[in-house]
Every structure is written in structure tokens, then in C-alpha cells.
Protein chains: 2
Amino acid sequence: MNVGVLGAGAVGGSVVELAEEYGHTVTVFADSQSAVVDPDGIDAAAALSAKRTDGRVGSADPEAALDAEYDVLVEATPTTLGDAEPGFSHVRTALERDRHVVLANKGPIAERYGDIRRLEAESAGTVRFEATVGGALPVISTIEGFGPSRVGSLHGVLNGTANFILSRMSAEGLDYEHVLVEAQDLGVAETDPTFDVDGTDTALKGVIVANLLFEGEYSLEDASIEGIQALSGNMLELAREDGQTVRLIAEVRNGNIRVSPRLVPRESPVAPSGTHNAVQLTVEDAGQVTLSGRGAGGAETATAVLADVGRLGENRR
Amino acid sequence: MNVGVLGAGAVGGSVVELAEEYGHTVTVFADSQSAVVDPDGIDAAAALSAKRTDGRVGSADPEAALDAEYDVLVEATPTTLGDAEPGFSHVRTALERDRHVVLANKGPIAERYGDIRRLEAESAGTVRFEATVGGALPVISTIEGFGPSRVGSLHGVLNGTANFILSRMSAEGLDYEHVLVEAQDLGVAETDPTFDVDGTDTALKGVIVANLLFEGEYSLEDASIEGIQALSGNMLELAREDGQTVRLIAEVRNGNIRVSPRLVPRESPVAPSGTHNAVQLTVEDAGQVTLSGRGAGGAETATAVLADVGRLGENRR
């Protein structure tokens with residue numbers, strides 16, 4: 001498949017780096033300032049090197065990227081809330097051109113799911129979004145396999161940064177502020193970790209799952225959200241003495257989306273350690289299915305993007 | 001999709017029972033003695049009731065079933081070794097008629113993978129086999145999503161009966177023979193549990209995964225197999241005192257298939273309890289991905305069959 005990649009952050013860059021190994025050709029690569037376009041396939045190494053050294057992937061106009069040749073548009077620009085722009089417009093343009101879309105950007109699927117599905121219905125293109133939930137974990141395609149209407153609920157850990165902080169607080173009895181600084185030093189938490197620790201990122205993923213399970217038009221404002229900033233090391237120690245721990249749990253059930261710190265048994269399948277994610281689906285006739293592994297990271301998330309691109313390729317046969 | 005179901009055991013029966021909920025129509029249902037055929041959809045409840053009361057699903061000749069109308073043949077007759085007959089011939093007939101095939105029967109995929117792939121290459125039909133490994137767990141489609149060549153290894157528990165016996169031996173310090181009788185009373189172990197406890201069933205699943213990962217023509221004789229019959233309750237207690245337990249582990253790596261009882265930490269993701277299965281895939285750029293849940297059961301395995309039927313339907317669009 002010919003792939004156009006918008007966004008040159010960790011995920012977009014990894015998609016460009018790995019696409020050839022997955023048998024695909026990157027014909028377009030753009031960030032907000034620049035682009036490189038070649039219908040025969042761009043020079044991925046040169047573009048990634050240019051991004052690192054000059055801050056630009058190439059010399060073409062990013063506006064031209066959307067109208068260039070590709071079978072699948074990979075939307076990997078930063079997640080934005082509310083109108084989810086400019087990601088939403090990128091998706092619309094690609095669908096109006098009858099191209100497929102694979103999202104790593106959570107905004108359009110979390111905030112404007114109904115609009116996206118209506119555009120998809122009028123397009124020959126298909127929208128996929130495995131990478132928006134659970135990094136490398138195949139949460140979306142597993143739900144699709146069982147049939148969304150047969151998956152009653154999801155609960156689990158969907159943010160690696162918050163999980164790392166809670167794991168460290170629990171293991172060492174340290175306070176939130178202390179561990180946050182450590183996480184930032186290690187590169188596990190961003191300079192501004194707000195969305196990871198206040199539950200917003202987890203809630204966006206919960207909203208996406210709710211949209212899929214309940215065919216709704218949920219958005220962030222439909223979620224009940226509590227973060228981990230107010231937790232003390234003491235509380236984690238008390239939990240530990242009782243064989244329990246605290247995790248930032250997303251729960252999607254009966255049309256509700258709830259994100260909050262919860263006590264869970266330390267050996268629970270949804271109490272992963274470090275930056276891992278873990279989710280449990282309750283499936284009619286199949287019981288509880290648990291998926292766990294790396295829920296973030298550029299290369300990890302890129303594998304989910306490229307799995308989606310592969311699935312679109314199969315459907316074309 | 002119109003579905004033909006061969007085999008009226010727990011899996012075949014559940015497929016017939018659940019197909020309509022998944023949006024499919026069963027046009028053929030046969031066991032080794034009888035069949036019921038209706039191009040407009042059989043009466044599932046009547047056929048299942050007839051099977052229970054008379055031992056026959058209907059009054060038609062089972063020979064006629066293969067030549068009747070269906071888009072997908074579900075092969076759910078008992079697994080046989082060696083030439084994998086009569087399952088293999090059923091698959092061949094359907095592929096020669098350009099129909100899709102979904103297998104729950106492990107024999108043809110474990111023992112004659114190369115033959116199946118060659119028949120598929122000459123057919124307009126596609127072969128899928130999610131249900132042959134890990135019951136309700138989406139092991140095969142997860143491997144396909146990442147790309148089989150990018151999955152370096154699989155290890156974990158793939159037989160619920162053996163896992164139940166080991167869990168009970170470990171929890172109670174009881175010997176194998178004692179727990180086996182209990183498992184048979186509970187219906188967890190069959191009257192003849194040989195293939196479950198001697199590692200054959202686990203090895204067949206390992207062979208299927210090896211065929212997918214290494215594009216090989218592996219069969220059961222390529223696997224190194226050791227069962228759990230010789231384990232004593234004492235050994236399990238010793239392990240337990242050290243924070244460990246014993247599980248019957250399948251390991252598929254570097255072209256090798258090995259099944260043997262192994263010491264694993266009690267909190268390991270591949271030490272599920274009871275009849276659950278759990279597998280860990282090592283994936284390039286994505287790290288370790290763990291799947292766990294119900295690995296057996298008629299309804300559970302039927303959900304995997306019907307997920308495959310659904311995937312074939314998508315490809316037809």
C-alpha cells in the first residue's frame with residue numbers, strides 16, 4: 001500500500017521508519033511546517049535525519065501533502081480536544097478523496113466519532129484506529145473480532161505514565177511529586193504530564209472504546225474523570241500491606257465511562273507494573289479476555305498503525 | 001454469510017446455536033451419521049434437539065452436506081493425527097469448490113499445513129483457523145496483525161485441562177492421580193484425558209503456531225513433548241514454597257516446538273489459574289504481548305470460529 005504519513009513525532013517517525021519492513025511504501029510525509037512527497041517512495045532515512053537536524057522533514061509545502069498520492073492516510077498529528085482540528089480536517093479530506101484513514105491521533109475518534117462515521121459511510125475509504133487505544137495491544141481488533149455488540153465492558157489500565165508513577169509509589173512508599181520528577185528524568189513522563197496524570201488521556205481511550213461498544217457519539221465530556229495527583233505514598237503503603245495496590249482504572253460499561261484510581265489486588269491481571277497497559281474485556285460466551293503489554297512508545301504504537309494498514313490491504317484483494 | 005457446519009460436538013453445536021446472533025445463516029449441519037440441509041437456513045433449535053434426543057442432527061445423508069450451498073465451511077469434526085482424515089478431505093472439497101474454510105479441527109493445520117496452503121493458493125477461498133489455538137483468545141489474528149515474520153516466539157499455557165490439574169496439585173499438595181479423578185468428576189477432564197495430559201494437544205497448537213511463524217511444514221513429529229503425568233504433589237509444594245509453580249508450557253522459538261512442565265513464578269503472566277490459557281508473544285518493536293482467558297469450551301471456541309467467519313465476510317465487501 002502507498003502510505004501518506006501526517007505527523008513527525010515519535011509515532012509518525014516510527015511509521016515512516018518501519019513501513020518498508022511491513023511491505024508498504026511511504027509516498028508522503030509531513031509535519032506542520034514541511035513535507036516530502038514522492039510517488040515512488042520517499043527516502044525515509046533522509047527525511048528522518050532532516051527532521052532531527054533541521055526540524056523539517058523536507059522542502060515541500062505541507063498543504064500539498066494531503067492532495068498527493070496515497071492509498072492510506074496515517075493521521076499521527078498531536079491529539080487535540082473539542083473540534084479535534086486539524087486532525088479532523090485531514091481525515092475528512094482523505095475520505096472525500098475515497099482514501100483509507102488510519103488514526104494514531106485520538107482526537108477525531110474520541111471527540112467527533114459520529115462525524116467520522118458519517119464521512120466514512122459516504123466514502124469508498126475505511127477508517128481504522130487500533131493505535132489510539134493500548135499502544136501495541138490489539139484492543140480494537142479484538143473487540144471487532146468478537147463483535148462490538150457482544151463485548152459488554154472493558155476495564156483496565158490504559159496510561160503507561162500514570163501506571164509507572166503508581167508502581168513506583170507503591171514499591172517505594174514515595175509521594176506523587178517525588179516520583180513524577182523521577183519519571184520526567186527517565187523520559188517516562190513528559191515535561192507537561194497533565195493529560196497522563198489527570199486522567200484525560202485514559203478517558204479519551206475509554207471514550208473511543210465506548211463509541212465502538214455502544215455505537216454512540218460519546219465525547220470527553222461524557223466521561224467521569226479523576227486523576228492520580230492527590231494520592232499519597234501512605235495510601236499506597238496501606239494498600240500494599242493488604243495485598244492490594246492502586247491503579248488508574250478505565251471502566252467502560254453500560255454506556256458509562258469512568259476513570260479513577262482504584263484498589264486492585266496486586267496479582268490482578270489489570271495491575272501491570274511499570275509502563276505496561278492491561279485491559280480486560282467481558283465477552284458474551286467467551287468470558288474475560290485479558291490483553292497486556294506495552295501501551296505506549298513510538299515503535300510500539302507504529303506496529304499498531306501498520307497492522308491497521310495491513311488489514312486495509314487484505315480487504316482490497 | 002451462509003455457513004456449513006461439519007461436526008456436532010460442543011464446538012460445532014455452539015456454532016450452529018450462535019451463528020444467527022453473529023448475523024450468519026447455517027445452511028448445512030452434519031455429523032458423521034446424518035445431516036440437515038436448507039439453503040434458506042436450517043432450524044437450529046430443532047437440529048440441536050434432534051442430536052440430543054436421537055443422536056442425529058437430521059435425516060439427510062452426511063455425504064450430501066459437502067456439496068450443498070455455503071459460503072464458508074466450518075470444519076469442527078474431531079482432531080485426528082497423521083493424514084488428518086476425514087477433516088483434510090472436507091477442507092479440500094470446499095477449497096476445490098472455491099469456498100472459504102474455517103477450522104476448529106486442529107488436525108489438517110497441524111499435520112498437513114503445506115498441503116492446505118497449496119490447495120488454498122489454487123482456490124478463490126481462504127482458510128482461517130483462530131479456533132485451533134487458545135479457544136476464545138485471538139492468538140492467530142494477533143500474530144497476523146503484527147505479521148507472522150515479526151513475531152519471534154510464543155510461550156505459554158495452551159491446555160486448560162492440564163492447567164486445572166496443575167493448579168489443584170499446587171494449591172492442595174495433592175498427587176496427579178487424585179486430582180485427575182476430581183477433574184473427571186467435574187467434567188474438566190475427559191474420560192480419556194491422554195492428549196491433554198501427555199502434551200499432545202498443547203504440541204498440536206505449538207505446531208500450528210510454528211507453521212504460521214516460520215512458514216514451515218511442521219507436524220507433530222517435529223515437536224519435543226513431555227507431559228504432566230509423572231509430576232508429584234511434593235514437587236509442586238517445593239515450587240510453591242519458593243514462590244513458584246509448575247505449568248505445562250508450550251514454547252515455539254527458532255524453528256523449535258517444545259512442550260514440557262516448567263517452573264514459573266506464581267505471579268507470572270503465563271501462570272494462569274484453573275482452566276485458563278495464557279500466552280506471551282515476543283514481537284519486534286512491540287515487546288511482549290500477553291493474551292489470557294478461557295482457552296477451551298464449546299461456546300468460547302465457537303466465538304473464535306464466528307470471528308473468523310466475520311473476517312471472511314469483511315474481505316468480500
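Here, the structure is the one placed above.
Thresholds, definitions, all that
- Residues numbered from 1 in each chain as written.
- Chains lettered and ligands numbered in written order.
- Predicted model: local features only at pLDDT ≥ 70, side-chain atom pairs only at ≥ 80, totals over all residues.
- Heavy atoms only, no water.
- Helix = DSSP H or I, 4+ residues; strand = E, 2+ residues; numbered from the N terminus.
- Rg over C-alpha atoms; globule rule 2.2 N^0.38 Å.
- Buried < 20%, exposed > 50% of the residue type's maximum accessible area, 1.4 Å probe, protein only.
- Areas by Shrake-Rupley, 256 points an atom, 1.4 Å probe, with all protein chains shown as cover.
- Lys, Arg positive; Asp, Glu negative; His and termini not counted.
- Charge placed at Lys NZ, Arg CZ, Asp CG, Glu CD.
- 1 Å grid on protein atoms, 1.4 Å probe; cavity = no way out; pocket = protein on both sides within 12 Å on 5 of 7 lines; lining within 4 Å.
- Points joined across faces, edges and corners; volume = space filled by probe spheres on them.
- Nonpolar A, V, L, I, M, F, W, Y, C, P; charged D, E, K, R; others polar.
- Pairing = 2+ DSSP bridges.
- Contact = heavy atoms within 4.5 Å.
- Salt bridge = Lys/Arg side-chain N within 4 Å of Asp/Glu carboxyl O.
- Polar contact = N/O pair within 3.5 Å; in protein donor to acceptor, adjacent residues only side chain to side chain.
- Least-squares fit on C-alpha atoms with pLDDT ≥ 70 in both.
- Axes fitted to C-alpha atoms, helices over the stretch in contact; angles between N-to-C directions.
- Parallel < 35°, antiparallel > 145°, perpendicular 65-115°, else oblique.
- Left-handed = near helix turned anticlockwise from the far one by under 90°.

(A) View of the overall build of chain A. In terms of regular secondary structure, chain A is built from 13 helices and 12 strands. Rg of the C-alpha trace for chain A: 20 Å, near the compact-globule value of 20 Å for 317 residues, within the 12% margin. C-alpha extents for chain A along the principal axes are approximately 60 × 45 × 35 Å. Counting every position in chain A, which comprises 317 residues, the buried fraction comes to 60%. Total accessible area on chain A is roughly 12300 Å²; 44% of this is exposed by carbon and sulfur atoms. Positive and negative side-chain charges of chain A, numbering 24 and 49 respectively, have mean locations separated by a distance of 4 Å.

(B) Fine view of the layout of surface pockets. Residue and element names in this part refer to chain A. Taken as a whole, the second largest pocket spans an internal volume of roughly 1500 Å³. If you trace the second largest pocket, you find 50 residues lining it, with Val-11, Thr-77, Pro-78, Thr-79 and Lys-106 closest to the centre. Residue assignment for the lining of the second largest pocket shows that the elements contributing at least two residues are α1 (10-18), α3 (62-65), α8 (160-172), α10 (194-197), α11 (200-214) and α13 (298-316). The class makeup of the residues in the lining of the second largest pocket is 19 nonpolar, 21 polar and 10 charged.

(C) Region of interest: the sheet that holds strand β4 (residues 72-75) of chain B. Residues and elements named next belong to chain B. Strand order across the open sheet formed by 6 strands is β3-β2-β1-β4-β5-β6, with mixed pairing between neighbours. Here the strands that pair on one side only, and so sit at the sheet edges, are β3 (35-37) and β6 (127-128). Two strands pair when backbone bridges link them, and β4 and strand β5 (residues 100-103) are joined in this way by 4 bridges, in the parallel orientation. What sits directly across from Val-74, in β5, is Val-102.

(D) A look at the interface of chain B and chain A. Contacts between chain B and chain A engage 30 residues on the former and 30 residues on the latter. At the surface where chain B touches chain A, the tally comes to 2 salt bridges. Between B:Glu21 and A:Arg150 there is a salt bridge, with the nearest N and O atoms lying 2.6 Å from each other. Applying the counting criterion to the chain B and chain A interface returns 10 residue pairs in polar contact (both at pLDDT 80 or more). Those elements giving two or more residues to the side of chain B that touches chain A turn out to be α7 (139-146), β12 (287-294) and α13 (298-316) of chain B. Ranked by the residues each element gives to the side of chain B that touches chain A, the list is headed by β12(B), at 8 residues. A breakdown of the residues in the side of chain B that touches chain A according to their chemical character gives 11 nonpolar, 10 polar and 9 charged. Bridge count between strand β12 (residues 287-294) of chain A and β12(B): 3 bridges; the pairing is antiparallel. Note on β12(B): the bridge partner recorded for A:Ser292 is B:Thr290.

(E) View of the relation of the copies chain B and chain A. Structural alignment of chain B on chain A gives an RMSD of 0.0 Å, achieved by rotating through 180° and translating 0.0 Å along the axis. The superposition operator between the copies reduces to a two-fold rotation axis. With an isologous cut-off of 70% or more, the 100% of interface residues of chain B that recur at the interface of chain A puts this contact in the isologous class.

(F) Quick peek at the environment of B:Glu237. All names here are of chain B. Residue position: Glu-237 is located in helix α12 (residues 233-241). In this structure Glu-237 comes out as partly exposed when scored by relative accessible area, which is 39%. Taking the C-alpha atoms as reference points, Glu-237 and Leu-174, separated by 63 residues in sequence, lie 9.0 Å from one another.

(G) View of the sheet that holds strand β9 (residues 244-253) of chain B. Taken in spatial order, the 12 strands make up an open sheet running β8(A)-β10(A)-β9(A)-β7(A)-β11(A)-β12(A)-β12(B)-β11(B)-β7(B)-β9(B)-β10(B)-β8(B), and their pairing is mixed. The open sheet has two edge strands with one neighbour each: β8 (223-225) of chain A together with β8 (223-225) of chain B. Here the average twist between neighbouring strands, direction ignored, is 25°. Note that strand β11 (residues 276-283) of chain A and β12(A) share 8 bridges and pair antiparallel. In the strand pairing of β12(A), A:Gln280 is matched with A:Thr290.

(H) Region of the structure containing the packing of helix α4 (residues 87-96) of chain B against helix α6 (residues 113-121) of chain B. All names here are of chain B. At a minimum axis separation of 9 Å, α4 and α6 run at an interaxial angle of 15°. The orientation of α4 relative to α6 falls into the category roughly parallel. The chirality of how α4 crosses α6 is right-handed. Every residue of α6 that contacts α4 at Phe-88, Val-91, Arg-92, Leu-95 and Glu-96 is listed here: Asp-115, Ile-116, Leu-119 and Glu-120. Considering only residue class, the contact of α4 with α6 consists of 5 nonpolar, no polar and 4 charged.

(I) The arrangement of the pairing of strand β9 (residues 244-253) of chain A in detail. Residue and element names in this part refer to chain A. Of all 10 residues that make up β9, 9 are buried, and the element is covered over most of its length. Of the pairings in the sheet, the one linking strand β7 (residues 151-157) to β9 comprises 4 bridges and is antiparallel in character. What sits directly across from His-155, in β9, is Glu-251. By the bridge criterion, 10 bridges tie β9 to strand β10 (residues 256-265) in an arrangement that is antiparallel. Directly across from Gln-244, in β10, lies its bridge partner Pro-265. Connecting the antiparallel pair β9 and β10 is a turn made up of 2 residues, with Asn-254 showing a positive phi of about 50°.

(J) Spotlight on the pattern of salt bridges. For the coordinates displayed, the defined rule picks out 40 salt bridges over all chains. One salt bridge connects A:Lys106 with A:Asp201, and the closest N-O pair in it is separated by 3.3 Å. In this pair, A:Lys106 sits in the loop between β5 (100-103) and α5 (107-111) while A:Asp201 sits in helix α11, placing the two residues 95 residues apart along the sequence. In this structure, A:Lys106 and A:Asp201 share a single accessibility class: buried. Between B:Arg168 and B:Glu172 there is a salt bridge, with the nearest N and O atoms lying 3.2 Å from each other. Here the residue B:Arg168 and the residue B:Glu172 both occupy positions in helix α8 (residues 160-172), the gap between them amounting to 4 residues, near one helical turn.

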